[in-house]
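Summary of the model geometry
Each chain is listed here by its residues.
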Amino acid sequence: MFELRRDPVTGWWSAIVADRAFAREAFQVQALPVEGTHCRHCDEAPEDEPAHLVRRIALRSDAFHRIDSTKPQAAQISLSEVERATGAWEILVGPRDHHERLADASPQLAGALVRAARDAMRALGEQPRDTDAEGRPEPLYIQVVQSYGMQAGSRSQHLNLELYAIPQVPHWVAEEIGGGARQMIKTRRCVWCALAEAEEENGERLVFADHHAVVFTPAASRSAFELVVIPRAHGADFTALDDEAITDATATLQRALHALDALGDPPYNLFLHTSPSGERLDQTFHWHWEIHPRLRVIAGLERATALAVNPAAPEYAAEVLRDRLQR
């Protein structure tokens, strides 16, 4: 039986397989290492580098070529004819020989990595941008991602975070922004603050809560064992965090990743959702982390309909993850 559940922010539906007997071993997918033993980030590390040095490496400038496929000539256009290429792709890497998981990195190194992401986002957001016909800066969204394991698209075993400076607001984030605004009009309250409070009070999907954030499996989870980390302090812009808040955010994030040890060492995608650069969404948006384990192949129904199918009810998932942290 599929139980259709609607996400209160985006309005997207998920089909939760609610009547299937839960078998943890079905979800214990081991993260596969990236093939090969050579690590360019170790080779390029400076001699006598500090123990917690995080390097910012530009992989590609002008990384996004914009082609409007609605125009008749789009099918014939070549990349050399694209009017504008913009954006960037960067990677933040830890010191030489640091190939551990983010969950297992020392608090100092993990904090340095998250702090470097904040600083890089600030720097990218301050760069001059093209303006539209009305003189407004063109949109810029900076996406922070970590892909762990080959199944999640990892390109390196080295401890890292990737940054993509995208010259538009991605659809998922745009839906969250719109949903947050609609809920503010409807309830006069931040929907993420309300969700975190409700999940902590109810406890059924709560994985853990600390002084910084509430961590839970969303009721309409789009993937098995999905986790969301919502900070208690309301704020739209991750780059506004000071160093103390970065330390707290990192500690909570590492503990959330450790909860996945209930499944062994699974592949996952970690990403940050925050306000677009320069946008003032202080009342209606709330920055947060999402963790999506990659435990199964996306099947035909999902591809055909864009309806997410989750074979593990979030309530079961939360129970397993809570038990791991308590033990």
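This report concerns the structure included in the present document. The model shown is predicted, which means the values in this text are computed figures rather than measured ones.

Our focus in this paragraph is the sheet that holds strand β12 (residues 308–310). Here we have three strands laid out as an open sheet, ordered β1-β2-β12, and mixed in their pairing. With one partner strand each, in any of the chains shown, β1 (2–6) and β12 form the two edges of the open sheet. Strand-to-strand twist in this sheet, taken as the mean axis angle between neighbours without regard to direction, amounts to 30°. With three bridges joining them, strand β2 (residues 13–17) and β12 adopt parallel strand pairing. Each bridged residue has a counterpart across the sheet, and for serine 14 the counterpart in β12 is alanine 308.

Attention shifts here to the pairing of strand β9 (residues 227–231). Within β9, five of the five residues are buried, which leaves it mostly tucked inside the rest of the structure. Every second residue of β9 is oriented toward a common face, with Leu227, Val229 and Pro231 on one face and Val228 and Ile230 on the other, all of them buried. Two elements, β9 and strand β11 (residues 288–293), share three bridges in a ladder whose sense is antiparallel. Bridged to leucine 227 within β11 is isoleucine 291.

Here we take up the pattern of salt bridges. Within this structure, the stated rule accounts for 18 salt bridges. The partner of glutamate 44 in a salt bridge is arginine 40, and the shortest N-O contact between them spans 3.4 Å. Given a relative accessible area of 42%, glutamate 44 falls into the partly exposed group. With relative accessibility at 39%, the residue arginine 40 sits in the partly exposed group.

Further remarks concern the side chain of arginine 205. Take arginine 205: it is sitting in the loop between α4 (191–202) and β7 (206–209). Leave out the neighbours within four places in its chain, and arginine 205 touches Glu199, Phe216, Thr217, Pro218, Ala219, Pro314, Glu315, Ala318 and Arg322.

Conventions and cut-offs
- Residues numbered from 1 in each chain as written.
- Predicted model: local features only at pLDDT ≥ 70, side-chain atom pairs only at ≥ 80, totals over all residues.
- Heavy atoms only, no water.
- Pairing = 2+ DSSP bridges.
- Helix = DSSP H or I, 4+ residues; strand = E, 2+ residues; numbered from the N terminus.
- Axes fitted to C-alpha atoms, helices over the stretch in contact; angles between N-to-C directions.
- Buried < 20%, exposed > 50% of the residue type's maximum accessible area, 1.4 Å probe, protein only.
- Salt bridge = Lys/Arg side-chain N within 4 Å of Asp/Glu carboxyl O.
- Contact = heavy atoms within 4.5 Å.

Any functional reading would require information beyond the geometric quantities listed.
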